[in-house]
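The lines below spell out each chain.
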Amino acid sequence: MNKIVIIGCGNVGMSYAYALLNQKNSVNELVLIDLDEERIKGEVMDLNHCLPFSPNQINIKVGNYQDCQDATMIVIAAGANQEIGETRLDLINKNSVIFKEIIRKVMKENFDGIFLIATNPLDIMTYITWKYSKLPAYKVLGSGTSLDTARLRFIIGEKLDINSKNIHAYVIGEHGDSEFVPWSNATIGLQKMTDFISPRELNDIYLDVRDAAYEIIKRKKATYYGIGTCLVRITNAILNNENSILTVSTYDSINDIYISMPSILNKSGVKQKINFNLTEEEKIKLNHSVVTIKNAINSIEL
Ligand code: NAD
């Protein structure tokens, strides 16, 4: 019996719910929680009307925090969104207050499943969730740079006219402006990415990935379909015990932060991070991300 609770059912939460209905999976129950109960009653009605044509049979309902008690996973997408020109880190004060309250209410119900966080600033909100829930770190993860990695693979696939599923490249670090691509580890099929694309073009691709959210927000005020599908991909990796590798935000005990690294996911949550070599230049970039996240965590009252 797999029960998913979504807390925060705006653009991101509902895109996740919709994507969940439309991809085959093993979810039996989907519970929506939001401050705006009237709107989510409407959302439940609308989602229910997908079921006759959906590959899944899911019981969908408006819920409350008592539903968290026996949930398999809780996905949080509650909180303020980036305004035009606002960085993800600018959201820190508003969303950390909201998060402390949400986690307190969830843990009052003795939740013992897996938390998957989508709210920005992602690495900080995931850290707060871990800190306040007191759950073991393998049970708390954030969507991290999974979306940025999807954007990267799409852009390279388009450029080279190769299926994006055969682009083996990752965005790692902060889900934010200090994220980066360790190109020394990137391949297309079996060949090194750096054999195909010049350093200048690689940098242009990186900038397009890093700034994708700003470009989308400028045009349509928010981004949500991409993250909705990433959250489903992560959910399926966990529920199906896949041992799949995804760039999610996980706990880094050396620096006491959450940060994205390729990690193996299965039904216990985060099974382990993947170790790989970085060049000296990439190590400096990773350290910049670590310091950025650490400074952001230190700027809030915990
Ligand atoms: P939104 O405004 O559409 O939805 C937020 C929802 O949260 C609203 O429905 C609101 O009522 C609800 N909410 C607020 N406080 C709450 C509380 N205390 N309890 C329950 N519900 C509460 O925003 P959105 O576009 O869905 O974005 C949500 C978050 O996701 C933002 O922080 C955004 O930056 C982030 N986001 C993350 C990624 C990613 O890659 N991780 C991508 C896109 C957006």
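All values reported here derive from a predicted model rather than from experimental measurement.

Conventions used here
- Residues numbered from 1 in each chain as written.
- Predicted model: local features only at pLDDT ≥ 70, side-chain atom pairs only at ≥ 80, totals over all residues.
- Heavy atoms only, no water.
- Domains from an automatic or database assignment.
- Contact = heavy atoms within 4.5 Å.
- Buried area = accessible area lost by both parts, 1.4 Å probe.
- Salt bridge = Lys/Arg side-chain N within 4 Å of Asp/Glu carboxyl O.
- Polar contact = N/O pair within 3.5 Å; in protein donor to acceptor, adjacent residues only side chain to side chain.
- Helix = DSSP H or I, 4+ residues; strand = E, 2+ residues; numbered from the N terminus.
- Nonpolar A, V, L, I, M, F, W, Y, C, P; charged D, E, K, R; others polar.
- Phe/Tyr/Trp six-rings, centres within 6.5 Å; stacked < 30°, edge-to-face > 60°.
- Buried < 20%, exposed > 50% of the residue type's maximum accessible area, 1.4 Å probe, protein only.
- 1 Å grid on protein atoms, 1.4 Å probe; cavity = no way out; pocket = protein on both sides within 12 Å on 5 of 7 lines; lining within 4 Å.
- Points joined across faces, edges and corners; volume = space filled by probe spheres on them.
- Pairing = 2+ DSSP bridges.
- Near = heavy atom within 4 Å.
- Areas by Shrake-Rupley, 256 points an atom, 1.4 Å probe, with all protein chains shown as cover.
- Core = buried A, V, L, I, M, F, W, Y, C linked by side-chain atoms within 4.5 Å.

Along its sequence, the chain is organised into domain 1 (3-142) and domain 2 (146-298). With 40 residues of domain 1 at the interface, the matching set in domain 2 holds 44 residues. Summed over both sides, the interface between domain 1 and domain 2 buries roughly 3,400 Å², with carbon and sulfur atoms accounting for 67% of that surface. For domain 1, the biggest contributors to the area lost against domain 2 are R88, D123 and Y127; these three give 21% of the whole. The tally of links from domain 1 across to domain 2 stands at zero salt bridges. Counting the contacts that link domain 1 with domain 2 gives nine residue pairs in polar contact (both at pLDDT 80 or more). Elements that contribute at least two residues to the side of domain 1 that touches domain 2 include exactly α1 (11-22), β4 (73-76), β5 (114-117), α4 (122-133) and β6 (140-142). A breakdown of the residues in the side of domain 1 that touches domain 2 according to their chemical character gives 22 nonpolar, 12 polar and six charged.

Cis geometry marks the peptide bond from N120 to P121, where omega comes out at -5°. Even without a glycine there, the phi angle at K134 is positive, about 60°. Looking at the secondary structure, you find K134 in the loop between α4 and β6. The residue D256 is not glycine, and still its phi comes out positive at about 55°. Positionally, D256 belongs in the loop between β10 (244-252) and β11 (257-266).

Taken as a whole and judged by the stated rule, the model has six aromatic pairs. Aromatic side chains F111 and F115 sit 4.9 Å apart centroid to centroid with 70° between the ring planes, which places their arrangement in the edge-to-face category. Both residues of the pair, F111 and F115, belong to the buried class. Relative to W130, the ring of Y127 lies with its centre 5.6 Å away and its plane at 55°, an arrangement referred to as tilted. Here Y127 pairs with W130, and both are found in helix α4, just three residues apart, close to one helical turn. Relative accessible area serves as the criterion here: at 2%, Y127 is assigned to the buried category. In this structure W130 comes out as buried when scored by relative accessible area, which is 17%. An aromatic cluster of three or more residues is present, and its members are Y127, W130, Y251 and Y258.

Once that is clear, we can look at empty space enclosed by the protein. Tallying each qualifying case throughout the model produces one cavity of 30 Å³ or more. Here the largest cavity defines a volume of roughly 40 Å³. Taken together, R88, L89, P121, L122, D123, I124, E174 and H175 make up the full set of residues lining the largest cavity. Here the residues of the lining of the largest cavity sort into four nonpolar, one polar and three charged.

A few words now on the sheet that holds strand β8 (residues 187-188). Reading across the sheet, the three strands line up as β7-β8-β9 and stay open at both edges, with antiparallel pairing between neighbours. Every interior strand has two partners, whereas the edge strands, β7 (167-168) and β9 (191-192), have only one. As defined by bridge partners, β8 adjoins β9 across two bridges and the pair is classed as antiparallel. Among the inter-strand pairings, T187 is bridged to a residue of β9, identified as K192.

Among the 25 residues in the neighbourhood of the ligand, the closest are listed as V12, D34, R39, A80 and N81. A distance of 3.0 Å is found between an oxygen atom of the ligand and a side-chain nitrogen or oxygen belonging to N120. The separation between a nitrogen atom of the ligand and a polar side-chain atom of S143 is 3.0 Å. Surface burial for the ligand is 86%, taken as the share of its 860 Å² of free accessible area covered by protein chains. When the residues that make up the shell around the ligand are grouped by side-chain class, the tally is 12 nonpolar, 11 polar and two charged. No fewer than three residues from each of domain 1 (3-142) and domain 2 (146-298) sit in the shell around the ligand.

In globular proteins that are soluble, nonpolar side chains generally tend to be buried together. Counting 56 residues, the largest nonpolar core has I7, I74, I76, V106, F115, W183 and M193 as its most contacted members. Structurally, this core is a two-domain feature, drawing no fewer than three residues from each of domain 1 (3-142) and domain 2 (146-298). Discounting chain neighbours no more than four positions away, the residues touching F115 are I74, I76, I103, V106, M107, T129, S133, L135, K139, V140 and L141. With 39 residues, the next largest nonpolar core counts V75, A118, I234 and A237 among its residues.

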